[in-house]
Amino acid sequence: MGRCCGKCWHSLEYPCRNYVRCRTEGPLCHDDQRCRTLRSERIRYIKEGPNGYRIKVPLASCSIAAGAKEVLNAVKEVVESLGIPSDAVKTVGCTGLCYLDPWLELKAPGMPVALYGNVKPAEVEGILKKYFLENDVSGAYAIGERTGKAKGEGDVPTLSELDVWRLQVRYVSRNCGVVNPESIEDYIAYGGYRGLDRALRMSPEEVIEEVKKSGLRGRGGAGFPTWLKWRICRNQPSKEKYVIVNADEGDPGAFMNRLLAESDPHRVLEGLIIAGYAVGATKGFIFVRAEKPLMAERLQKAVEEARKHGILGKNILGRGFDFDVEVILSAGAFVCGEETALIAAIEGRATPRQRPPYPAVVGLWGKPTVINNVETLAHVATLMAEGWESFAAYGTERSKGTKMFCVTGAVKRTGAYEVPIGTTLRTLVERIAGGVKEGRKLKAVQIGGPSGGCVPAHLLDTPIDYESLRDAGAIMGSGGIVVMDDTACMVDVARYFTSFIVAESCGKCFPCRIGTKILYDTLTRITEGEGTLEDLEILEGVGRVVRDASLCALGGTAPNPVLSTLRHFRDEYLAHIIDKKCPAGVCTKLLKYRINPDKCVGCGTCAKHCPAGAISRDEKSGKYVIDQEKCVKCGTCVTICPVNAVMKEV
Amino acid sequence: MVRVIVNGKEVHVPEGETILTALKKAGDAVPTLCFFGHMYREASCRMCLVELSNGKLVPACAYPVSDGLEVRTDTPRVREARRTVVEFILSIHRIRCWSCPRKGGNCELLKLATAYWVEGIPVCSSCPLYGKDCLVVKGEPCLGPITLAGCGDPCPSNGSPCIGCRGPVTRRDVLEAAAQFYVSNGVELKDVLEVASMFWEGLPNYDALKVSLEEAFKKALGGGTG
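Residues numbered from 1 in each chain as written. Chains lettered and ligands numbered in written order. Predicted model: local features only at pLDDT ≥ 70, side-chain atom pairs only at ≥ 80, totals over all residues.

(A) Representation of the overall build of chain A within the structure. Counting its regular elements, chain A contains 26 helices and 18 strands. For 650 residues, the compact-globule estimate of 2.2 N^0.38 gives 26 Å, and the C-alpha radius of gyration of chain A, at 28 Å, lies within 12% of that figure. A principal-axis box enclosing the C-alpha atoms of chain A has dimensions of 100 × 65 × 40 Å. Burial status across chain A gives 53% buried among its 650 residues. (Helix = DSSP H or I, 4+ residues; strand = E, 2+ residues; numbered from the N terminus. Rg over C-alpha atoms; globule rule 2.2 N^0.38 Å. Buried ≥ 20, exposed ≤ 12 C-beta atoms within 10 Å, placed from the backbone.)

(B) Quick peek at the interface of chain A and chain B. Taken together, the 17 residues of chain A in the interface contact 20 residues of chain B. For the side of chain A that touches chain B, the secondary-structure elements that each account for two or more residues are α20 (510–527) and α21 (533–549) of chain A. For the side of chain A that touches chain B, the residue count by class is 11 nonpolar, 3 polar and 3 charged. (Contact = placed C-beta atoms within 7 Å. Nonpolar A, V, L, I, M, F, W, Y, C, P; charged D, E, K, R; others polar.)

(C) Expanded view of the pairing of strand β2 (residues 9–13) of chain B. Residue and element names in this part refer to chain B. Where strand β1 (residues 2–6) and β2 come together, 5 bridges link them in antiparallel fashion. In the sheet register, arginine 3 faces β2, and the bridge partner there is histidine 12. In textbook terms, the turn of a hairpin is the stretch between consecutive antiparallel strands, and for β1 and β2 this stretch comprises 2 residues, one of which, asparagine 7, has a positive phi near 50°. (Pairing = 2+ DSSP bridges.)

(D) Representation of helix α9 (residues 204–214) of chain A in the model. All names here are of chain A. Residues Val207, Ile208, Glu210, Val211 and Ser214 constitute the buried set of α9. The arc enclosing the buried residues of α9, seen along the axis, measures out at 155°, which places them on a common side. Those residues of α9 that are exposed and angled more than 90 degrees off the buried face are Glu205 and Glu206. Where α9 is buried, its residues touch α8 (194–201), α10 (226–234), α12 (265–279), α15 (374–386) and α16 (388–392). Glycine 215 occupies a position one or two residues after α9 and carries a positive phi of about 80°. (Arc of directions from axis to C-beta.)

(E) Main features of the domain arrangement of chain A. All names here are of chain A. Partitioning chain A into structural domains gives domain 1 (1–48), domain 2 (51–161), domain 3 (184–389), domain 4 (402–478), domain 5 (491–579) and domain 6 (591–649). Distance between the C-alpha centres of domain 3 and domain 5: 35 Å. Residue-level contacts link 11 residues of domain 3 with 8 residues of domain 5. Residue composition of the side of domain 3 that touches domain 5, grouped by class: 7 nonpolar, 3 polar and 1 charged. (Domains from an automatic or database assignment.)

(F) Highlighting the packing of α9(A) against α10(A). Residue and element names in this part refer to chain A. Packing of α9 against α10 brings their axes to within 8 Å, and their N-to-C directions diverge by 155°. Put simply, α9 runs roughly antiparallel to α10. The way α9 lies across α10 gives a crossing that is left-handed. Contacts between α9 and α10 involve Pro204, Ile208, Val211 and Lys212 on the former and, on the latter, Thr226, Trp227, Trp230, Arg231 and Arg234. Residue composition of the contact of α9 with α10, by class: 5 nonpolar, 1 polar and 3 charged. (Axes fitted to C-alpha atoms, helices over the stretch in contact; angles between N-to-C directions. Parallel < 35°, antiparallel > 145°, perpendicular 65-115°, else oblique. Left-handed = near helix turned anticlockwise from the far one by under 90°.)

(G) Main features of the nonpolar core. All names here are of chain A. If you look at the biggest cluster of nonpolar residues, it comprises 266 residues, and the most contacted ones within it are Val268, Ile274, Ala275, Leu299, Val407, Leu428 and Val483. Broken down by element, this core gets its largest block of residues, 9 residues, from α12. Formed by 12 residues, the second largest nonpolar core is a distinct cluster that contains Tyr593, Cys600, Cys610 and Ala614. (Core = buried A, V, L, I, M, F, W, Y, C linked by C-beta atoms within 7 Å.)

(H) Inspection of the environment of Glu153(A) at higher detail. Residue and element names in this part refer to chain A. Residue position: glutamate 153 is located in the loop between β5 (142–143) and α6 (163–166). A tally of 20 C-beta atoms within 10 Å means that glutamate 153 is categorised as buried. As for glutamate 153 and alanine 142, which are separated by 11 residues in sequence, their C-alpha atoms are 9.5 Å apart. Every residue in contact with glutamate 153, bar those within four places of it in the chain, is listed here: Pro112, Val137, Ile143, Arg146 and Gly148.

(I) Representation of the domain arrangement of chain B. Residues and elements named next belong to chain B. Considered domain by domain, chain B is made up of domain 1 (2–83) and domain 2 (95–222). For domain 1 and domain 2, the distance between their C-alpha centres works out to 36 Å. Facing 4 residues of domain 1, the contacting portion of domain 2 comprises 4 residues. In terms of residue class, the side of domain 1 that touches domain 2 is made up of 2 nonpolar, no polar and 2 charged.

(J) Representation of the sheet that holds strand β6 (residues 242–247) of chain A within the structure. Residue and element names in this part refer to chain A. The 4 strands lie next to each other as β8-β7-β6-β9, forming an open sheet whose pairing is parallel. Sheet topology places β8 (324–330) and β9 (369–373) at the edges, where each strand pairs with a single neighbour. Shown here is a sheet whose adjacent strand axes are inclined to one another by a mean of 20°, direction ignored. Here β6 pairs with β9 via 5 bridges, running parallel. The partner of isoleucine 244 across the bridge, within β9, is isoleucine 371.

(K) Geometry of the environment of Pro161(B). All names here are of chain B. With respect to the element layout, proline 161 can be found in the loop between α4 (154–157) and α5 (172–184). Classification of proline 161 as partly exposed rests on a count of 17 C-beta atoms within 10 Å. Placed 61 residues apart in sequence, proline 161 and cysteine 100 show a C-alpha to C-alpha distance of 19 Å. If we skip the residues at most four places from it in the chain, proline 161 touches Leu135, Glu140, Pro141, Cys142, Leu143 and Cys155.

Written out as C-alpha cells, the structure is:
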C-alpha cells in the first residue's frame, strides 16, 4: 500500500488526515488520472483477484483443525498447472459455517461464485479442474448469484436461498471469510477504518452520543449500555485512563470472539481505538486468552500493521490523538472474563474484587478503565462507519442491533451465526442451525455457558434478548448455545457445568468456593443413584445462597444450570432419586447392559473386548450373558456387537 | 457526611466510608470474619452481608456508603445467607477442637455457629481444660469431643466430665477424629457408650449414632493412634 506518486506525503511523522478515504476513493490531495487508476485497480485486484480468478481458503483455528492447511497446500500444488495465477489463492478467516470446514470458495470470470464444503485434500484437484476447466459447479454446496453460464447451476442452491444464510444479518461479521485477516490493506479496501476516520472528525462527546443513539449494549453478557460505561469513565477527572478489550472468551461452546478476532482483527482494533478516543484514554490493552494463540497472533499482527500505517501511535491520522495498544496474554482462567479479575490479572493476580467502585471509576492501576467485549467493539467500529441508524434498524425496542451466537451440540449445522436481537430461539436452532439430527427430539437449549441456564423445548419461541432470556431462567451470556436432544440427561448436564465452575472458581469467597463444591457433590450423589428428596432442598437452598452471596458474577451465576434444570426438568431429578433411573440412559451407575438372547449369535466378540471380563458364555444355550456385579458400564459391548444384541436398560 | 438508614434508623457517616462504619455508628453489629481494619478488606468471607433496599446482598465491610442508602441487617435472606455461609465454612473445617490452640472461649466459629444454629462443633471448643488437665487425656470418658457445644461448659469448668446433655455431634468425620482422640488416650468405647446412654438413649437417631461410633472406634483402633 505504497504511495501513488511523489505528491502523496503521508508518513508516520506527517500523517495525512484523509489517509483512510484516500486509499479507497483517492487520491484526494491531487487530481491525477494515473493515480486514480492505480488505486481502483488495486482495489479491484483485492476484491476480485487477478483477472477475476479467486480461490479462497479459510485459515482460522477451526478450519485449520478440520484440515484447511492441507487443503491449502493441495490447492497451491495444482493451481498453476490449471493456468490460474498463483496469487489468486487467498487465505481468509472463517465465515462461521463451521459444519462446512474446511471449505473452498472459487470464482472465475463469468462464473458464479461456488462454495464447496468438507473438502478433502485429495478432492481438491478434481474440484478445481471441474470448476475452472469444465465450468461445472455441480457438487458445490452453494453458489453465489446465478450467471447462467455454468453447468449444473440448476441443481445447486444459491447461498441466499439457504436458511442458514438468508436468515442471518451479517452486520459485524460481514468481513469474516471475506478479507485476509493478516492484511490491513484488505480491511481498508472493504471499508475498514472508516469508522475511526469518522469518529476522529467528531468530538469524543459526539462519539458517545452516536453510540447512545444506536442503543448498543455490552455483548459480553450482562447487557450494560456501552455509552453509559464510556460516559462514566469520560467524566472521571483522572488524566490517565485505559480501555481494554476483553478477549478472554472461556465459555464452553462459545467461540464468536475468537472467530471475529481471527477473521477480522482490525475491526476489533478499530473499535478499541474509537473507545479510547471517546473516553480519553491514552492506552489500550487487548486481553487475549492464551489458549487461543492464533487469535493473539492475528491481533498482535493487526496492532503492528496499524502502527506502521499511522492508525495507531502518536497523532493518529493527523488528529492529535495519541493512543497505543498492547496485547496481553491471559493465563487462561475462566474468572478472568470477569472485569475486576481481568484488571487484577493484568496487575498480577487474577481474583475479582467487590464492586463498587466500578472499573470505569477505579480500574487498572487505580485509573478509570473501560472494559468492552470483542463483539461490542467490533459493533462500535461498524456502527461508527455506517451511522447509528444502520445498527438501530435491527433488534427490539429495548435491545438494538445484531448478536453473534455459536450453536453447537446436537444440531445438524454447527456454527457461528449472526442474527438480529429478538430472533426466536426456534429460528436460530431449527431453521438456521437445522435442528437436531434425524429421529431425535430436541430437549433443551443451554444458553449462556456455565453461567447460563437451560431453556426447555416448549419455551423455544422465546425471543433472544436480555430480558426475555432472564425470565426464562437463562442469560444471554457471550452467546454460546448448546443444543441437547433426548440423549442428554439434564442432571448430568447440570453436573457437568457445575464441575466446570468448581474447577474455575478462584476460591476467594466462601459461597463460590465451598457452595459450588457442595452443589457438585450433591449432583454427583443424585447421578449415582444415592440421592434423596432432601438433596433437592439442599440444591435449591445452597444454590440460592451461592447466587446471592458470592462476590463476583462467576459465583452469582454459578448455580444457574442447577436452578434452571431444577425448575424445568424436576421430573428427571425425581426419576434419578425415586425410581433410581436415568431416563436418557446417560448416568452409568443407573444403567444396566443386557444381552438379548434372541439376537445373540454367540460369536463371543463382546467377551473378548470386555475390559472387566464380565461377559461369559452360558454353556447351556451357547449365548453370552453379562455379570452385573463385574460390569463397569463402559458400553464397549454395545458398539462392538455385530448384531446389535446388547441393550442399554434404563 | 452522607445519610445512611440502618434498619430504619438514620446515621451520618463521612463520605467514602463503608457500610460497616455506619453499622458501628448505629450500634447494629454484624459478624465479620475476614475483615481486618485496613490490612484486609477483600470481602471474601461474606459474613457481613446486609440487604439493600433494591434487594441486593452486599458485604458491609467493602461497600461504600452513598446518600440515602437503606440498609437492613436482619432480614430472612440475610440470615439464611449468613447461616449457610457458616455451614459452608464448617463443612470444610477440620474439627479437632480438643487439640485446637484457640479453644477456651476464643473461637469465632463457635460464636457464629451458636448464633445461627449450625450444628457440628463439640464442647471441647469452649472447654477451659486443656493440655494435662483435659479429662480425656487423663483417661476419663468425657463426652466433650462428641457433644454439641453451646452450654457454657459448667461441668468441665468444675472439673467433672461432660455427660452430653446437649446432644451428640452427628458428623461422621468429627466422630472419627474424636474416636481417634479417645483411643490414643486409652478411653474405651464401652465407657463412652455407658455415659452416652444416660442422655442419648431415647434419641431417635441413637442407634445410628451408636453404629457410627462403633465404626469410628474400630477404624481408630485399626488405623493406630492419630
